[in-house]
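Observations on the three-dimensional arrangement
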Amino acid sequence: MDNLISPLDIIGGSIMRTDNVKESIDSFLEILLTSACGDCSIDPEFGFIFNNMRFEIFNEREGTIFNSTSTDSREEEDLYNKKISGNSKNVNTFATELRQVIMKYEERLTEVQATMSYVREERKIYITVTGIIVDTREKYKYDTTIKVWS
């Protein structure tokens, strides 16, 4: 099975593809993680909701994002109560949000788990995604970081 890679490259009128499933999934997860919800006009839900909060104040003491405005939406208010560090087994974390969006958009993975760990001294969030590649049943692991914006 051919898989697309990112950045997309068109050669001879065709989009370049790869036989390396892990490389293709890695590329897709990078796009998903760096996209804010609403960036894709065809599917406004595509993206990682954490990116929609990039201009908010980071509350290091609580490990959350500070709500600087009042909101009428209960769903939006719940986002401000989510912990930045945690894993997808914990309900009230951004890692749970990440796991849900990966399960929705990356069908080549199953048994998806996500962890996010904030390292205050480095001002970075370390992200690990694990799972099983559906076609090959191989273990999958993806690691990346996000620089904290405040």
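Residues numbered from 1 in each chain as written. Predicted model: local features only at pLDDT ≥ 70, side-chain atom pairs only at ≥ 80, totals over all residues. Heavy atoms only, no water.

1. Regarding the confidence of the model for the chain
This is how the line gets drawn: The predictor attaches a confidence to each residue, called pLDDT, with possible values from 0 through 100. Helix and strand assignments follow DSSP, with helices taken as H or I runs no shorter than four residues and strands as E runs no shorter than two, numbered in order from the N terminus.
Here the chain averages 83 in pLDDT, while 81% of its residues score no lower than 70. Ranking the helices and strands of the chain by mean pLDDT puts strand E9 (residues 124–133) first, with 96, and strand E1 (residues 3–4) last, with 56.

2. Some words on the packing of aromatic side chains
Heads up, the rule is: Within 6.5 Å between ring centres, the rings of Phe, Tyr and Trp (the latter by its six-membered ring) count as paired, and their orientation is classed by plane angle as stacked under 30 degrees, edge-to-face over 60, tilted in between. Note on classification: 1.4 Å probe, protein chains only; a residue is buried when its accessible area is under 20% of the maximum for its type, exposed when over 50%, partly exposed between these limits.
Taken as a whole and assessed by the stated rule, the structure comprises four aromatic pairs. Between Phe46 and Tyr105, the aromatic rings sit 5.1 Å apart at their centres with planes inclined by 80°, giving edge-to-face as the arrangement. Of this pair, Phe46 sits in the loop between helix H1 (21–34) and strand E5 (57–59) while Tyr105 sits in helix H3 (residues 94–105), and the two are 59 residues apart along the sequence. Taking the centre distance of 4.9 Å and the plane angle of 75° together, the rings of Phe50 and Phe94 count as edge-to-face. Here Phe94 lies in helix H3 and Phe50 lies in the loop between H1 and E5, a separation of 44 residues in the sequence. Take Phe50: its relative accessible area is 0%, and that puts it in the buried class.

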